[in-house]
Amino acid sequence: MTISDAKNNLSQLFSSTQSVLKDDSASTTSSFAEEFQKQIATKTTMNQSAITEPSESDAMVEEFKKTLGSKGALTFFQDYNNEKIEKMIEEKKAELEDKLGLSADAQPPLTGNARAEALASLDQMLSDFRKQLMDKLNTDTKIDQQNSMLNTFLQKMG
């Protein structure tokens with residue numbers, strides 16, 4: 001075997017190997033492309049359904065923005081705090097009604113003067129509770145304002 005024969009054999013071997021690699025590469029590429037297309041189609045379908053169906057939280061956020069824009073930040077904050085206080089008072093009222101025997105299922109039910117005294121006592125307790133909550137809210141607000149001013153001062157110093 002001469003050098004030129006060896007070159008020809010190597011050249012033929014290289015060509016056949018290259019064509020086999022091209023065939024394998026083409027089938028691998030086509031299967032990859034098919035899988036890729038399937039994944040893209042699945043993701044696109046999921047994203048389109050998520051985009052077209054607004055969620056409940058989106059509606060809540062939009063309602064929050066609308067309310068905040070119409071009332072302003074301070075009024076919104078005050079209303080929010082008043083709602084929290086009213087909710088806490090309702091919970092306390094239910095608790096006190098049970099303890100004072102004023103609930104509908106109290107045995108034996110209070111009547112006459114005992115009921116009137118219990119109702120007056122309930123009103124006084126709820127009034128005191130409301131005052132405590134308002135005082136706590138005002139104190140918390142003042143503390144937040146002071147902390148904010150202190151933080152601003154410290155940032156300017158540092």
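Residues numbered from 1 in each chain as written. Predicted model: local features only at pLDDT ≥ 70, side-chain atom pairs only at ≥ 80, totals over all residues. Heavy atoms only, no water.

**Examining the pattern of salt bridges**
Side chains that carry opposite charge are capable of pairing whenever their charged atoms lie near each other.
For step 1, the next point in the chain: The full count for this structure, using the stated rule, is five salt bridges.
For step 2, the next point in the chain: Of the charged contacts in the structure, one is a salt bridge between K65 and E62, with a shortest N-O distance of 3.7 Å. With K65 and E62 both in helix α2 (residues 56-71), this residue pair falls three residues apart, about one helical turn.
For step 3, the next point in the chain: Accessibility expressed as a relative area gives 47% for E62, which makes it partly exposed.
For step 4, the next point in the chain: Between D140 and K136 there is a salt bridge, with its nearest N and O atoms 3.0 Å apart. Residue D140 and its partner K136 are both found in helix α4 (residues 112-157); the two are separated by four residues, about one turn of the helix. (Salt bridge = Lys/Arg side-chain N within 4 Å of Asp/Glu carboxyl O. Helix = DSSP H or I, 4+ residues; strand = E, 2+ residues; numbered from the N terminus. Buried < 20%, exposed > 50% of the residue type's maximum accessible area, 1.4 Å probe, protein only.)

**Focus on the layout of surface pockets**
For step 1, the next point in the chain: Of the voids in this model, the largest pocket is the one considered here, and its volume is about 200 Å³.
For step 2, the next point in the chain: Around the largest pocket, the lining residues are F77, N81, K84, I85, M88, L133, K136, L137, D140, T141 and D144.
For step 3, the next point in the chain: If you list the elements that add at least two residues to the lining of the largest pocket, you get α3 (73-100) and α4.
For step 4, the next point in the chain: Sort the elements by how many residues they give to the lining of the largest pocket and α4 lands first, with six residues.
For step 5, the next point in the chain: Tallied by class, residues from the lining of the largest pocket come to five nonpolar, two polar and four charged. (1 Å grid on protein atoms, 1.4 Å probe; cavity = no way out; pocket = protein on both sides within 12 Å on 5 of 7 lines; lining within 4 Å. Points joined across faces, edges and corners; volume = space filled by probe spheres on them. Nonpolar A, V, L, I, M, F, W, Y, C, P; charged D, E, K, R; others polar.)

**Section: the packing of aromatic side chains**
For any pair of aromatic rings, geometry is given as the distance between the ring centres together with the angle between the planes.
For step 1, the next point in the chain: For the structure on display, the rule yields one aromatic pair.
For step 2, the next point in the chain: Their ring planes at 80° and their centres at 5.2 Å tell us that F64 and F76 sit as a pair that is edge-to-face. Linking F64 in helix α2 with F76 in helix α3, this pair joins segments that are 12 residues apart in sequence.
For step 3, the next point in the chain: Looking at F64, the relative accessible area reads 42%, which means it is partly exposed. (Phe/Tyr/Trp six-rings, centres within 6.5 Å; stacked < 30°, edge-to-face > 60°.)

**Here's the deal with α3**
For step 1, the next point in the chain: With 28 residues, α3 ought to run about 40 Å at 1.5 Å a step, and its terminal C-alpha atoms sit 40 Å apart, in line with that.
For step 2, the next point in the chain: Of the positions making up α3, those classed as buried are N81, I85, I89 and L96.
For step 3, the next point in the chain: Tucked into the core, α3 has its buried residues touching α4.
For step 4, the next point in the chain: Looking one or two residues beyond α3, the residue adopting positive phi is G101, at roughly 80°. (Expected span 1.5 Å × (residues − 1). Contact = heavy atoms within 4.5 Å.)

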